[in-house]
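A structural walkthrough
So the chains spell out like this:
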Amino acid sequence: MGDILIVDDERDIRELISDILEDEGYTTRKAGTSDEAVAEVKSELPALMILDIWLKDSAMDGIDILKMVKREHPEVPVVIISGHGNIEIAVAAIKQGAYDFIEKPFNIDQLMVVIGRAMETSRLRRENVELKRKDTASADMIGSSSAFKALKSQLEKVTKSNGRVLLSGPAGAGKEIAARFIHANSDRSRAPFVSVNSASIEAERMEEVLFGRESADRGVEPGLLEQANGGVLFFDEVADMPSGTQSKILRVLVEQAFQRVGGSDKVNVDVRVISSSNRDLEAEIAAGNFREELYHRLNVVPIPVPALSERREDIPELAAYFIDGFNKTQGLPLRDLSEEASAMMQTMTWPGNVRQLKNVIERVLILGEGTGPIEAAELPGSEGAEEDSGQGIVVSGHLAMLPLREAREAFEREYLLTQINRFGGNISRTANFVGMERSALHRKLKSLGVVTSAKAGGRVAHVADGVAEGEAEA
């Protein structure tokens, strides 16, 4: 049922409490001095402590031990017992984090009720921590494009180390998922993954949130660093961290220790730090907004996370994954994507990247009717095209101002750029889709000034430097 450490300088009391608890199915350990108590805690953390205030021939009294335990292991409930009880001692014990206070000679039934409640509290805390540790659903890496495979390969290389990783890339590209993937496949996977959204925490509260605090009224309140002990602390959008906090985080990275706000004792932690940013941190350093030394501490292993536009091949696979997820979590219809919808999604612009794609899928499933395949007309931005379908194509103002030859070249250039990027830079697949021989497509691309180059592990099509619309060779 649970391991309980009994600390009392009177052997008869220790034995009595131990016998009672073991009759109830608990396992117990006993300590008669503060040194023995500290040794027992260090050897194996108990599920609960029963602690006497007065300990003869000991270096520390019960309050000192209570402070130490709540400072280093705040999750362990401590029940204080004393034969010299008074209101002041009871209040002092509760302020230092004791679960409850019982005066000797105690009533057995009262003691068992308090212990039962304390053990239940301890169990719920452990289960809550375990649930958080098992929250790995969002660590799924979905894709098969060259850019995705290159990213995953880099992430896999850093899973078994403790090196700090800095993930860069646009908002919504999946940097936190990449961080969770590292954690889920590392030796720290059974320990917590704690995310810190640097932009959402007020600057004046950042240190309290990270380091925790100590006060006479509320005792010890652990911060996110302590909650991440043994696991991973993820600084999301680290460029938004207040400058004052940056210097203190730098010290934590060097010493692996810190002080709580309002406290004087050092708290040691073992955390692996992963950071992310959608900004150019070197530019932030030049502007005086980010500490250069902290940047170098965080940037041990830099890994860029590609935008969705660099991995368009993955869009149908990602969409199917989100559809399945919404079906399981929200009961939304389990629908397929029609070929037209899939093609349209691969040619759409996605400034919000994977996050925007997920939102679009959720919107379509909520507003859509029936369980048949998702059609292109259901996607955002398709309404205007549907209305005009019976009246021909509406020419944009830009194309309408060009001579026919230049307008045709501009359209062909944009169309082929879109298709090549849709197929991850694969010219053969693009030629097959657009209905051209591969050699003819190569000639057409050359005439339009379209080239492909390696980027993010794949190939991306773009207009060659120095070539503007209408200026490519005929």
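A few words now on the confidence of the model for the protein. Residues at a pLDDT of 70 or more form 89% of the protein, whose mean pLDDT is 85. Averaged over each element, pLDDT in the protein is lowest for helix α16 (residues 383–388) (43) and highest for strand β6 (residues 165–168) (97). Per-residue pLDDT stays below 50 along residues 383–392; that stretch engages in three contacts with residues further than four places along the chain or on separate chains. Note that pLDDT drops below 50 for residues 469–474; the model gives that stretch 17 contacts with residues more than four away or on any other chain.

Counted residue by residue, strand β1 (residues 3–7) has five buried out of five residues, so it is predominantly covered. Side chains Asp-3, Leu-5 and Val-7 of β1 all project onto a buried face; the interleaved residues Ile-4 and Ile-6 project onto the opposite face, where all are buried too. Bridging between β1 and strand β2 (residues 27–31) involves five bridges; their strand directions are parallel. Of the residues in β2, the one forming a bridge with Ile-6 is Lys-30. Handedness of the β-α-β unit built from β1, helix α1 (residues 11–23) and β2 comes out right-handed.

So, on to the packing of helix α18 (residues 404–422) against helix α19 (residues 427–434). Put simply, α18 and α19 touch, their axes get as near as 8 Å, and they point 125° apart. As judged from the angle between their axes, α18 and α19 are oblique. Two packed elements cross with a definite hand, and for α18 against α19 that hand is right-handed. Residues Tyr-415, Leu-416, Gln-419, Ile-420 and Arg-422 of α18 lie in contact with α19, whose contacting residues are Ile-427, Thr-430, Phe-433 and Val-434. The residue inventory of the contact of α18 with α19, partitioned by class, reads six nonpolar, two polar and one charged.

Together, Asp-19, Glu-22, Asp-23 and Glu-24 make up a negatively charged patch on the protein surface. With respect to the helices, strands and loops of the structure, Asp-23 is situated in helix α1.

Rules and cut-offs
- Residues numbered from 1 in each chain as written.
- Predicted model: local features only at pLDDT ≥ 70, side-chain atom pairs only at ≥ 80, totals over all residues.
- Heavy atoms only, no water.
- pLDDT = per-residue confidence, 0-100.
- Helix = DSSP H or I, 4+ residues; strand = E, 2+ residues; numbered from the N terminus.
- Contact = heavy atoms within 4.5 Å.
- Buried < 20%, exposed > 50% of the residue type's maximum accessible area, 1.4 Å probe, protein only.
- Pairing = 2+ DSSP bridges.
- Right-handed = clockwise from strand over helix to strand, strands pointing away.
- Axes fitted to C-alpha atoms, helices over the stretch in contact; angles between N-to-C directions.
- Parallel < 35°, antiparallel > 145°, perpendicular 65-115°, else oblique.
- Left-handed = near helix turned anticlockwise from the far one by under 90°.
- Nonpolar A, V, L, I, M, F, W, Y, C, P; charged D, E, K, R; others polar.
- Patch = residues over 30% accessible without salt bridge, like charges linked within 9 Å, V, L, I, M, F, W, Y side chains within 5 Å.
- Areas by Shrake-Rupley, 256 points an atom, 1.4 Å probe, with all protein chains shown as cover.
- Salt bridge = Lys/Arg side-chain N within 4 Å of Asp/Glu carboxyl O.
- Lys, Arg positive; Asp, Glu negative; His and termini not counted.
- Charge placed at Lys NZ, Arg CZ, Asp CG, Glu CD.

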